[in-house]
Amino acid sequence: MRRAALALVLAAAAALPAAAHTRSVSYSSWQLDASGATVQVRVSLLELSRLAFDPVLDVSSGGPAAQYLVDHLGLRAGEARCAATEPPAAEPAPKGWAHFRWRIACAASGPRSLESSVLLDVAPSHLHFARVAGEGVSVRERVLTEADPQWALETVSAGRSAAPGTTLLGYVGLGILHITTGWDHLAFLLALLLLARRLREVAVLVTAFTAAHSVTLALAVLGLVRPNGAAIESLIGYSIALVAAENAWLLAGGGIAVPAAVAGATALLALGAAFGVGSVGPIVLAGLALFAGCHFALLSRVARPARLRAAVAFVFGLVHGFGFAGVLAEMELPTARLAPALFGFNVGVELGQLAAVALAWPALVAISRASPQRWAPRVVEVGSAAVCGLGLFWFATRAFG
């Protein structure tokens, strides 16, 4: 119990610097014409909080947040930077987002290029998704990063032809980056692996998780389903905490305490949600309370719980798939660009996921074989407690933070 409590405290302390942030991303849309461009930028209020901007006072038309975006996101014609011709105007935006529009004019001539340093001073891994259309440029999109902050839109030798957007391999790389920097998804994978004892069991768990998140990733990116992003991120944290608690419960030999605590606490959260508390709806939380109670009851009645754990991996894989889709869905890609983006991104996620499993699984097997009675149970115990602490922290900050 002391080890488990210490692991929970350390996990929460490790999560504090990240607060409730998920992937650091922003989006812009550029309508080019002969004299310049009309720019629209979308960024979450949570991202702007990294810069200490007030989410109410500083996001008005011409305010500090808008001016920051004008200064750190630009269009060049030749060597000259195009200037804004009017203060940036705040546009209507979904809850939790800021949306700005402004007009820029290019006094000089020459090949045009986009450049972004948005949020790189506080989040070097920030991704900015730029989409261009208009004046001699077909619709294209590209991811701008600290390593690749500029995008040449026109080449002199080819007249006024558009430079290619993000390629298939580029989306593969984006998928790998998304999973390898997605600590919540990696924590869920680790929670699944901690009690797996055979390679076949690992294969079944990973396949169930992969199949599920591939389905919802496609549904969300194609625009067929648009879930609440804040609720999805909260439920990802819940899934991590539940699987980790399940590990500890199985290791301890069962009992009523853990199932009662999980189902009861979730039911209380559902009651609070009925009065508008949190970002997850009461029906979802009530369903999770029922699901958790039934799942623990079934686990207590089977000799080999691997199949039930695979079912949980599939169910929560559906939720994680919506989390993966957030980056691509917000880009609003044209139809012709959807297939390579979706395929490449999904392949990248799978490659990153397999790499994580390939690193973690042999280490767990080695510990299990070297000290099956002493160190292996302790690793599962402390590891599950730490992952559970992270999951609870992410759930609480995302749902109520």
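Keep in mind the model is a prediction, meaning the values are calculated, not measured. (Residues numbered from 1 in each chain as written. Predicted model: local features only at pLDDT ≥ 70, side-chain atom pairs only at ≥ 80, totals over all residues. Heavy atoms only, no water.)

## Comments concerning the packing of aromatic side chains
Right, on to step 1. Applying the stated rule across the entire model yields 9 aromatic pairs.
Right, on to step 2. Measuring from centroid to centroid gives 5.4 Å for Tyr-27 and Phe-129, while their planes differ by 20 degrees, and the two rings are stacked. Taken together, the positions of Tyr-27 in strand E1 (residues 25-32) and Phe-129 in strand E9 (residues 127-134) put the pair 102 residues apart, joining distant regions of the chain.
Right, on to step 3. Here Tyr-27 falls in the buried class, since its relative accessible area comes to 3%.
Right, on to step 4. Centroid distance Phe-188 to Phe-209: 5.2 Å. Interplanar angle 40 degrees. Geometry classified as tilted. Of the two residues, Phe-188 sits in helix H5 (residues 183-193) while Phe-209 sits in helix H6 (residues 199-221), which places them 21 residues apart along the sequence. This pair shows no difference in class: Phe-188 is buried, exactly as Phe-209 is.
Right, on to step 5. Cluster of aromatic residues (ring-pair linked, three or more members): Phe-188, Phe-209, Phe-291 and Phe-316. (Phe/Tyr/Trp six-rings, centres within 6.5 Å; stacked < 30°, edge-to-face > 60°. Helix = DSSP H or I, 4+ residues; strand = E, 2+ residues; numbered from the N terminus. Buried < 20%, exposed > 50% of the residue type's maximum accessible area, 1.4 Å probe, protein only.)

## Some words on the confidence of the model for the chain
Right, on to step 1. Overall, the predicted model of the chain reaches an average pLDDT of 86, with 91% of residues at or above 70.
Right, on to step 2. Segment residues 155-161 is flagged for pLDDT under 50; beyond a separation of four residues in sequence, or across chains, it makes 7 contacts in the model. (pLDDT = per-residue confidence, 0-100. Contact = heavy atoms within 4.5 Å.)

## A short note on the environment of Asn-247
Right, on to step 1. Assignment of secondary structure puts Asn-247 in helix H7 (residues 229-251).
Right, on to step 2. Sequence separation between Asn-247 and Gly-182 is 65 residues, and the spatial gap between their C-alpha atoms is 22 Å.

## Considerations on the side chain of Glu-115
Right, on to step 1. Within the secondary structure, Glu-115 sits in strand E8 (residues 112-116).
Right, on to step 2. Within the local environment of Glu-115, its side chain forms a polar contact with the side chain of Arg-76, the two groups lying 3.1 Å apart.
Right, on to step 3. If we ignore the near neighbours within four places in the chain, the residues touching Glu-115 are His-72, Leu-73, Gly-74, Arg-76, Arg-81, Leu-144, Pro-149 and Gln-150. (Polar contact = N/O pair within 3.5 Å; in protein donor to acceptor, adjacent residues only side chain to side chain.)

## With respect to the pairing of E1
Right, on to step 1. For E1, the tally of buried residues reaches 6 of 8 residues, placing the bulk of the element in the interior.
Right, on to step 2. Across 7 bridges, E1 lies against strand E2 (residues 36-44) in antiparallel orientation. Each residue of the ladder has a partner; that of Ser-28, found in E2, is Val-41.
Right, on to step 3. The hairpin turn running from E1 into E2, its antiparallel successor, is 3 residues long. (Pairing = 2+ DSSP bridges.)

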